[in-house]
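Tertiary structure, described
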Amino acid sequence: MKYNKIKNKFLNFFKKEGHKIFKSSSIINKNNKNNKLMFVNSGINQFINFFFKKKPKYLKIANIQKCIRITGKHNDFNVVGYDNLHHTMFEMLGSWSFGIYSQKKAIKLAWILITKIYKISKKKIYVTIFKGDKKKKLDFDYYSYNVWKKLINKDNILFFGYNNNFWKIDNFNLCGPSTEIHIDISNNNNNKKKIKQLISKNNNDIIELWNIVNIKYIIKNNIIYKNKKIYSNKYIDTGMGLERLCMIIQNKKSTYDTDIFYPIIKKIEKILLIKYGINKEIDIVIKIISDHIRSIFFIILDGIKPNNKKSGYIVRKLIRRCLIYSYKYLYIKKPFLYKLLSVLFKIFYKNYNYNIKKYKYNLYKLKKILKKEETKYFIFLFRNIKFVKKYIINKLINKKKKINKNLIYYFYDTYGIYYFLIKKICLKLNIKIEKFKKINKNKIEI
Ligand code: GLY
């Protein structure tokens, strides 16, 4: 089943079940001015006020929302590229009940969709349930348990505590017990025996797919309160990552092998004259580029240009991460990201209801913005490599000094020059680097 079909099946299913289908909001967080969120990080963002309205206009909602999770609590920035599951940008399939139905119905709907419509084998499905927390005076989620035990083998139900199965909606002070659906994508029969150790651990075999949360509490300064309006089991917030769903349905081991990323990766291969799936380091670069370019595309298209301020800085960071990885591992020295945009436009522009009349204009505009930013970075990078070289020649070589730890930090902080570049320069100039025990590699190395 292809990506678009998977999306349509989700929306049609919830529509038939009486849900109002909303369009995705902008990826820039515009709806909630008084919270700190820069980007929309889940489907609930545009409906958050519905929890507290006396009579929300719609009680059942579903949508597919473009989300970014690289700031705040959900920050996967440094993981992206190194695994097969995490992304800076993802598409969230979400459904909500605002006081009209409970977990019972939400779980049943999820079950029908994944087993009957997406035809995921029941044997591969595991679910986790909140076991309660005495210290925090939170009850066992017996409500979900009672529903699941009628649908699934008891051995496939596991119980976890506050850290795994209690969901907090970032920045909005809402929370509640969460029941999660996980899929075993391996054919390894031994997994069943040690499932407790594998599940919810970012394991490559057991994929966390969907969470169904009963929002019923308010959380402020880590203290959980009951709230008269929502303290019921009829406020439900669910979310499922489209990339993972495609991976499971399309029988792939990595989200990057799905047809969401396939055309992007093909284009990267063509532009950079490389092949995906042959060399581990090159794969990391390809995964970073194919992931980040989606975030870059949506952020700029939704109105934020790369610059030094807040969300502008995030898009700049994404662009620079693509370029420095390409430079380090492929020795790419020229702008190329902008050439990928035409593929992104083809896949996502119509899909996310952007103005079709402005297709060509927007493609032209985005290419221009991106190419300019890329060019700027390369100028900055090569100029600063020269500065560092000069510094080393003038201040160290003549005095027969070695490079020390402080200098490595200084070169990074002042000139944005990574440790791998310093090592390269030193090798060329035949200058030694002092041995040091502790260094914050995350800061100075990519
Ligand atoms: N409960 C929806 C989410 O994961 O954000």
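For the structure, check the block above.
What you see is a predicted model, and the numbers here were worked out from it, not measured in a lab.

Concerning the site of the ligand
With respect to spatial proximity, the complete set of residues near the ligand consists of S42, R69, M92, W167, N211, V213, D237, T238 and G239. Between the ligand and N211, the relevant distance is 2.8 Å, taken from a nitrogen atom to a side-chain nitrogen or oxygen of the residue. One of the side-chain N or O atoms of D237 is found 3.1 Å from a nitrogen atom in the ligand. In isolation the ligand exposes 200 Å². Once the protein is present, 95% of that is buried.

What to know about the pattern of salt bridges
Pairs can form between side chains of opposite charge once their charged atoms are near each other. Under the counting rule described, the total for this entry stands at eight salt bridges. Linking R294 and E243 is a salt bridge whose minimum nitrogen-to-oxygen distance equals 2.8 Å. Taken together, the positions of R294 in helix α8 (residues 280-301) and E243 in helix α6 (residues 242-249) put the pair 51 residues apart, joining distant regions of the chain. You'll find R294 and E243 in the same group, each marked buried. We note a salt bridge from K266 to E269, for which the minimum N-O separation is 2.9 Å.

Re a positive patch on the surface
Taken together, the side chains of K305, K358, K365, K368, K372 and K376 make up a positively charged region of the molecular surface. Structurally, the position occupied by K365 is in helix α11 (residues 359-397). With a relative accessible area of 34%, K365 lands in the partly exposed category.

What to know about the packing of α11 against helix α13 (residues 419-429)
Direction vectors running N to C along α11 and α13 enclose 50°, while the axes themselves pass 11 Å from each other. With respect to α13, the element α11 is oriented oblique. Between α11 and α13 lies a crossing whose hand is right-handed. Of the residues in α13, those touching α11 at L381, I385, V388, K389, I392, I393 and I397 are L421, I425, C426, K428 and L429. Residues belonging to the contact of α11 with α13 are distributed by class as follows: 10 nonpolar, no polar and two charged.

Regarding the state of the cysteines
Under the counting rule described, the total for this entry stands at zero disulfides. Here C175 stays unpaired: no disulfide links it, and the sulfur of C67, its closest cysteine neighbor, is 20 Å away.

Parameters and conventions
- Residues numbered from 1 in each chain as written.
- Predicted model: local features only at pLDDT ≥ 70, side-chain atom pairs only at ≥ 80, totals over all residues.
- Heavy atoms only, no water.
- Near = heavy atom within 4 Å.
- Polar contact = N/O pair within 3.5 Å; in protein donor to acceptor, adjacent residues only side chain to side chain.
- Areas by Shrake-Rupley, 256 points an atom, 1.4 Å probe, with all protein chains shown as cover.
- Salt bridge = Lys/Arg side-chain N within 4 Å of Asp/Glu carboxyl O.
- Helix = DSSP H or I, 4+ residues; strand = E, 2+ residues; numbered from the N terminus.
- Buried < 20%, exposed > 50% of the residue type's maximum accessible area, 1.4 Å probe, protein only.
- Patch = residues over 30% accessible without salt bridge, like charges linked within 9 Å, V, L, I, M, F, W, Y side chains within 5 Å.
- Lys, Arg positive; Asp, Glu negative; His and termini not counted.
- Charge placed at Lys NZ, Arg CZ, Asp CG, Glu CD.
- Axes fitted to C-alpha atoms, helices over the stretch in contact; angles between N-to-C directions.
- Parallel < 35°, antiparallel > 145°, perpendicular 65-115°, else oblique.
- Left-handed = near helix turned anticlockwise from the far one by under 90°.
- Contact = heavy atoms within 4.5 Å.
- Nonpolar A, V, L, I, M, F, W, Y, C, P; charged D, E, K, R; others polar.
- Disulfide = S-S within 2.5 Å.

Note that all results are geometric; they support no functional claim without further evidence.
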